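Residues per chain, in single letters:
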Amino acid sequence: MRKLINSTYLTLDGVIENPMWTMPYFDEEAASLAGAQTAEADAMLMGRATYDGFSAAWPNMDESDPTTGAAFFNNVKKYVASTTLTDPTWKNTEVLQGDLVEAVTALKAQEGKNIIQYGFGSVTAELIKAGLVDEVRFWIHPVLQGGANVTAALTDFKASFDLVDTRVHKSGVIVASYAPKATA
């Protein structure tokens, strides 16, 4: 069975929106880990907000430059959980139909590598509650940004996690990886 890995960049105060603040910290060490993460995946899962941001940015990046990651993002099979998106324009994108939990359960049962998910919102919360997220990787950046934090819109979401791995980069970024605990 494939694994669903969530990878989310956030600030010390929990902001994930418009992550331009990551750029000064995306050094060789971060690029290596990000590259390993995408090398282990052959599909990407997104909610609508992540799709809107990614589909506006990645197609404009140079796929011939391996340091951009654009070749992966533009060519990987992409699945979007959305009830409003009907005609995605980003290459290799499919909108999941029907029940989200059933659709992701079916995706995980397929042969293949990991499914990578970026961002943390209502889609991730629902999948954690259903026991479908295998690992959450929080890339914690030494920045205070101000604004709504990662769980601001998730008022009824509660979860506990077991620590799987911790990596401390020279830049000050900490990548804390967790496995969600099963909920009763």
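Here's what I pulled together on the structure shown here. (Residues numbered from 1 in each chain as written. Predicted model: local features only at pLDDT ≥ 70, side-chain atom pairs only at ≥ 80, totals over all residues. Heavy atoms only, no water.)

A look at the overall build of the chain
Counting its regular elements, the chain contains five helices and eight strands. Mapped from its N terminus to its C terminus, the chain presents α and β elements in the order β-α-β-α-α-β-β-α-β-α-β-β-β. For the chain, whose C-alpha radius of gyration is 16 Å, the value lies close to the compact-globule estimate of 16 Å for 184 residues. Overall size of the chain, expressed as C-alpha extent along the three principal axes, is 45 × 45 × 30 Å. Each of the 184 residues in the chain was classed as buried or not, and the buried ones make up 43%. Summarising the internal contacts of the chain: among those between residues at least 6 apart in sequence, 71% fall at separations of at least 24. Surface accessibility of the chain: about 9800 Å² in total, with carbon and sulfur atoms responsible for 53%. (Helix = DSSP H or I, 4+ residues; strand = E, 2+ residues; numbered from the N terminus. Rg over C-alpha atoms; globule rule 2.2 N^0.38 Å. Buried < 20%, exposed > 50% of the residue type's maximum accessible area, 1.4 Å probe, protein only. Contact = heavy atoms within 4.5 Å. Areas by Shrake-Rupley, 256 points an atom, 1.4 Å probe, with all protein chains shown as cover.)

Here we look at the environment of Val-104
When you line up the elements, Val-104 lands in helix α4 (residues 100–109). Overall, the relative accessible area of 1% leaves Val-104 in the buried class. Remark: the alpha-carbon pair of Val-104 and Leu-127, spanning 23 residues in sequence, is separated by 8.2 Å. Ignoring any residue separated from it by four or fewer positions in sequence, one finds Val-104 in contact with Leu-4, Leu-45, Leu-96, Leu-127 and Leu-132.

Some words on the sheet that holds strand β5 (residues 114–118)
By way of backbone hydrogen bonds, the strands of a sheet pair with one another, either parallel or antiparallel. Ordered in space as β4-β3-β2-β5-β1-β6-β8-β7, the eight strands form an open sheet in which the pairing is mixed. A single partner strand is all that each edge strand has here, and the edge strands are β4 (93–95) and β7 (161–168). Across this sheet, the average inter-strand angle for adjacent strands is 25°, counted without regard to direction. Here β7 pairs with strand β8 (residues 174–180) via seven bridges, running antiparallel. Pairing of Asp-165 across the sheet is with Ser-177, part of β8. (Pairing = 2+ DSSP bridges. Axes fitted to C-alpha atoms, helices over the stretch in contact; angles between N-to-C directions.)

A look at the nonpolar core
Grouped burial of nonpolar side chains is what soluble globular proteins tend to show. Counting residues in each nonpolar core, the largest one holds 25 residues, and the members touching the most others are Leu-4, Leu-45, Leu-96, Leu-100, Val-104, Phe-120 and Leu-127. Among the secondary structure elements, those contributing two or more residues to this core are β1 (4–11), β2 (41–47), β3 (77–81), α4, α5 (122–129) and β6 (135–141). With near-sequence residues (within four places) excluded, Leu-100 lies in contact with Ala-81, Val-123, Glu-126 and Leu-127. In terms of nonpolar packing, the next biggest core, distinct from the first, is built from 16 residues, Met-44, Tyr-51, Phe-72 and Leu-85 among them. (Core = buried A, V, L, I, M, F, W, Y, C linked by side-chain atoms within 4.5 Å.)

Quick word on unusual backbone geometry
The phi dihedral of Asn-18 falls on the positive side, at around 40°, and the residue is not glycine. Structurally, Asn-18 is set in the loop between β1 and α1 (28–39). In the Ramachandran plot, Asn-92 falls in the positive-phi region, its phi being about 65° despite a non-glycine side chain. The topology assignment puts Asn-92 in the loop between β3 and β4.

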